[in-house]
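# Per-entry structural report
Letter by letter, the chains look like this.
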Amino acid sequence: MSEICHKLHQLFLSIPKLGFPFEGSTIPQNGIYVLFENGEIAHNANRIVRVGTHTGNNQLRSRLNQHFIAENKDRSIFRKNIGRAILNREQDDFLGQWEIDLTTRESKTKHAGTIDLEKLQKTEKRVTEYIQSNFRFVTFSVAGKTDRLHWESKLISTVSLCGECHPSVNWLGLHSPKERIRESGFWLVNELYKQTLSESEYDALESMILRMT
């Protein structure tokens, strides 16, 4: 997989990267995003550390806003994982509260008075600062949900199975309480180590992306 992964990194290197602040109009309404993190290198390029998409129609821009801007860990597993690593690195007991999902009214009522809301807000801001300062990304358009999920899974598996894609010794993810994040060097736990891109699939992906640039 190293050869195809090398070509993937070079392909994405040829696409202009975006970072915060980014202009929403430059991002397709439907598609896939590929994240790169400062200090992480593979294949003589910034190492891919996360691949993601969205399930709802026309929601790619919204999804990236949830990661980079909206301070709500329960709407972005990426934000939640960054916060987990920061808190675990510092052996902060607030990690237990950070794990609580407050999305539903029932959960908010159940945990009312037990969540340190000031610490929650402070941690959300730390996560925002880290993400906005350390991540850049590329996107490419994929219209259909089934196709998006297909390419997302293939990309994740291809990079996670690459023998040359390793986290640096200073990578924040090494402090994650999630073993799959620590071992994979990826800011996610799903779709790792599954079916990789074949040569023909890579060629199809490359053609699709280059037609858009």
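Residues numbered from 1 in each chain as written. Predicted model: local features only at pLDDT ≥ 70, side-chain atom pairs only at ≥ 80, totals over all residues. Heavy atoms only, no water.

Turning next to the sheet that holds strand β2 (residues 31-42). In spatial order, the strands read β1-β4-β2-β3; together these 4 strands make up an open sheet with antiparallel pairing. With one partner strand each, in any of the chains shown, β1 (18-19) and β3 (45-52) form the two edges of the open sheet. Strand contacts of helix α2 (residues 60-68): β2, β3 and β4 (135-141), with the helix running at about 35 degrees to β2, the strand carrying the most contacts. (Pairing = 2+ DSSP bridges. Helix = DSSP H or I, 4+ residues; strand = E, 2+ residues; numbered from the N terminus. Contact = heavy atoms within 4.5 Å. Axes fitted to C-alpha atoms, helices over the stretch in contact; angles between N-to-C directions.)

Under the counting rule described, the total for this entry stands at 0 disulfides. No disulfide involves C5; its sulfur sits 3.5 Å from the nearest other cysteine sulfur, which is in C165. With relative accessibility at 0%, the residue C5 sits in the buried group. Of the cysteine sulfurs around C162, a residue in no disulfide, the closest is that of C165, at 3.8 Å. (Disulfide = S-S within 2.5 Å. Buried < 20%, exposed > 50% of the residue type's maximum accessible area, 1.4 Å probe, protein only.)

Take helix α3 (residues 77-89) next. Between its first and last C-alpha atoms α3 spans 18 Å; for 13 residues at 1.5 Å apiece the expected length is 18 Å, and the two agree. When we look at burial in α3, the residues that qualify are F78, R79, K80, N81, I82, G83, R84, A85, I86 and L87. At the exit of α3 stands Q91, carrying a positive phi of roughly 50 degrees. (Expected span 1.5 Å × (residues − 1).)

Our focus in this paragraph is the side chain of H111. Tracing the sequence through the fold places H111 in the loop between α5 (105-110) and α6 (117-134). Once residues lying within four places of it in the same chain are set aside, the contact partners of H111 are I100 and L102.

Okay, the pairing of β3 next. Of all the 8 residues making up β3, 8 are buried; the element is thus mostly covered by neighbouring parts of the structure. Here β2 runs beside β3; their pairing, made up of 6 bridges, is antiparallel. What sits directly across from V34, in β3, is V51. Here β2 folds back onto β3 in antiparallel fashion, the turn holding 2 residues, of which H43 has a positive phi close to 55 degrees.

The next subject is the packing of aromatic side chains. Within the structure shown, the criterion is met by 7 aromatic pairs. With a centroid separation of 5.2 Å and 85 degrees between ring planes, the pair formed by F78 and F135 is classed as edge-to-face. Within this pair, whereas F78 is found in helix α3, its partner F135 is found in strand β4, the two being separated by 57 residues in sequence. Through a chain of ring-to-ring contacts, three or more aromatic side chains come together here, namely F22, F68 and F137. Positioned above the aromatic ring of W171, the side-chain terminus of R47 is 5.4 Å from the ring centre. The residue whose ring lies beneath K73 is W98, and the NZ or CZ to ring-centre distance is 5.6 Å. (Phe/Tyr/Trp six-rings, centres within 6.5 Å; stacked < 30°, edge-to-face > 60°. Lys NZ or Arg CZ within 6 Å of the ring centre and 35° of its normal.)

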